[in-house]
Amino acid sequence: MVIARLRAAGCVFAEDETELLIATARTPAELAAMVERRALGLPLEHVLGWAEFSGLRVAVDPGVFVPRRRTEFLLGRAVALGRRAARPAPAPVVAVDLCCGSGAVGAALAAALERVELHASDIEPAAVRCARRNVAAAGGEVYEGDLFAPLPAALRGRIDILVANVPYVPSEEVGLLPAEAREHEPRVALDGGADGLDVLRRVTAAAPQWLAPGGHLLVETSERQAERAVETVARSGLVPQVAVSDELHATVIIGTRPAEPAAVTVEE
Ligand SMILES: C[S@@+](CC[C@H](N)C(=O)[O-])C[C@H]1O[C@@H](n2cnc3c(N)ncnc32)[C@H](O)[C@@H]1O
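Residues numbered from 1 in each chain as written. Predicted model: local features only at pLDDT ≥ 70, side-chain atom pairs only at ≥ 80, totals over all residues.

1. Some thoughts on the overall build of the chain
Looking only at helices and strands, the chain has 10 helices and 9 strands in total. Rg of the C-alpha trace for the chain: 20 Å, near the compact-globule value of 18 Å for 268 residues, within the 12% margin. Across its three principal directions, the C-alpha atoms of the chain cover 90 × 40 × 35 Å. Counting every position in the chain, which comprises 268 residues, the buried fraction comes to 40%. Contacts spanning at least 24 positions in sequence make up 62% of the contacts within the chain whose residues lie at least 6 apart. (Helix = DSSP H or I, 4+ residues; strand = E, 2+ residues; numbered from the N terminus. Rg over C-alpha atoms; globule rule 2.2 N^0.38 Å. Buried ≥ 20, exposed ≤ 12 C-beta atoms within 10 Å, placed from the backbone. Contact = placed C-beta atoms within 7 Å.)

Structural data, given as structure tokens:
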């Protein structure tokens, strides 16, 4: 009956979704309510209350951006760079998940790195509440506010890995997104301004002051926006690099703060 109800509502993966709903519901009444919410068009993750991200079960509350599979590519690059940035124990890698949404990227980064000092921030109160639950296991702190504004000042010049999956859909195209995103994710999580790069530009302009020498900024963008995003990163003084995954249809721009030149001793 559940499969039939979901199929009738247009769910393409009705069988798989049914298994997840049955496994998550604690009572038949809860299952019936969940099936109805899904049939009404709520994203599956909002109905379940969680999403799988890089093998982790991440809490996702209603009104919070659902982490996308393609963002696992950004995560993979961040993990690789974080491992290279690792210093001798007990010094942690300092990581910040800006525009954190549910905190999925930060939580997965912390799970993959051995020692990490994790900070995250978002402007949406619902996202901040949700992220607090997800990054708690890693001892991470989550702050509410505009981009870098709520971060502790002591992080300036200390961040090794700065991940920012900013909103990057051009304003005019938000209306073309699937209804699940358009109707159930906040516009602030999707809309990146006229060309989709407004938030990326703001993050990039401020990043050099927050990154440690040799630290990396990683932002997700679209293939179409990559060239302009690279120019923006280069203008900020960071060294840009583009990483692409054909499998996940993902494009990530990495901006690296040049390492400080070694001090030169002049002998008299
Ligand atoms: C595309 S979602 C990404 C969420 C999460 N990083 C992920 O990958 O699942 C973008 C997030 O940026 C947040 N955001 C948008 N503008 C912001 C701003 N000015 N300051 C802080 N967060 C912002 C939104 O609330 C949303 O949670």
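Past the structure itself, the notes keep going.
2. Here we look at the pairing of strand β3 (residues 93-98)
Judged by how many residues are buried, β3 sits mostly within the fold: 6 of 6 residues are covered. The pairing of β3 with strand β4 (residues 116-122) spans 6 bridges and is parallel. When the bridges of β4 are listed, Leu 98 appears paired with Ser 121. One crossover worth recording links β3 to the parallel β4 by way of helix α6 (residues 104-112), and it is right-handed. In the sheet, β3 pairs with strand β6 (residues 159-164) via 4 bridges, with the strands oriented parallel. By the bridge assignment, Ala 95 is partnered in β6 with Ile 161. (Pairing = 2+ DSSP bridges. Right-handed = clockwise from strand over helix to strand, strands pointing away.)

3. Focus: the environment of Ala 207
Position of Ala 207 relative to the elements: it lies in helix α9 (residues 198-210). Measuring from C-alpha to C-alpha, the distance between Ala 207 and Glu 30 comes to 45 Å, with 177 residues separating the pair along the chain.

4. Focus: the packing of helix α5 (residues 71-85) against α6
One can describe the packing of α5 onto α6 by two numbers: an axis separation of 10 Å at closest approach and a directional angle of 40°. By the angle between their directions, the pair α5 and α6 is classed as oblique. The interaxial crossing formed by α5 with α6 has right-handed handedness. The residues of α6 that touch α5, namely those facing Thr 71, Leu 74, Leu 75, Ala 78, Val 79 and Gly 82, are Val 105, Ala 108, Leu 109 and Ala 112. In terms of residue class, the contact of α5 with α6 is built from 8 nonpolar, 2 polar and no charged. (Axes fitted to C-alpha atoms, helices over the stretch in contact; angles between N-to-C directions. Parallel < 35°, antiparallel > 145°, perpendicular 65-115°, else oblique. Left-handed = near helix turned anticlockwise from the far one by under 90°. Nonpolar A, V, L, I, M, F, W, Y, C, P; charged D, E, K, R; others polar.)

5. A short note on the pairing of β6
Of all 6 residues that make up β6, 6 are buried, and the element is covered over most of its length. The pairing of β6 with strand β7 (residues 211-221) spans 5 bridges and is classified as parallel. Note that in β7 the partner of Ile 161 across the bridge is His 216.

6. Things to note about the environment of Arg 115
Within the secondary structure, Arg 115 sits in the loop between α6 and β4. Look at Arg 115 and you get exposed, because 12 C-beta atoms sit within 10 Å. Sequence separation between Arg 115 and Arg 257 is 142 residues, and the spatial gap between their C-alpha atoms is 22 Å. If we skip the residues at most four places from it in the chain, Arg 115 touches Ala 89, Pro 90, Pro 92 and Val 93.

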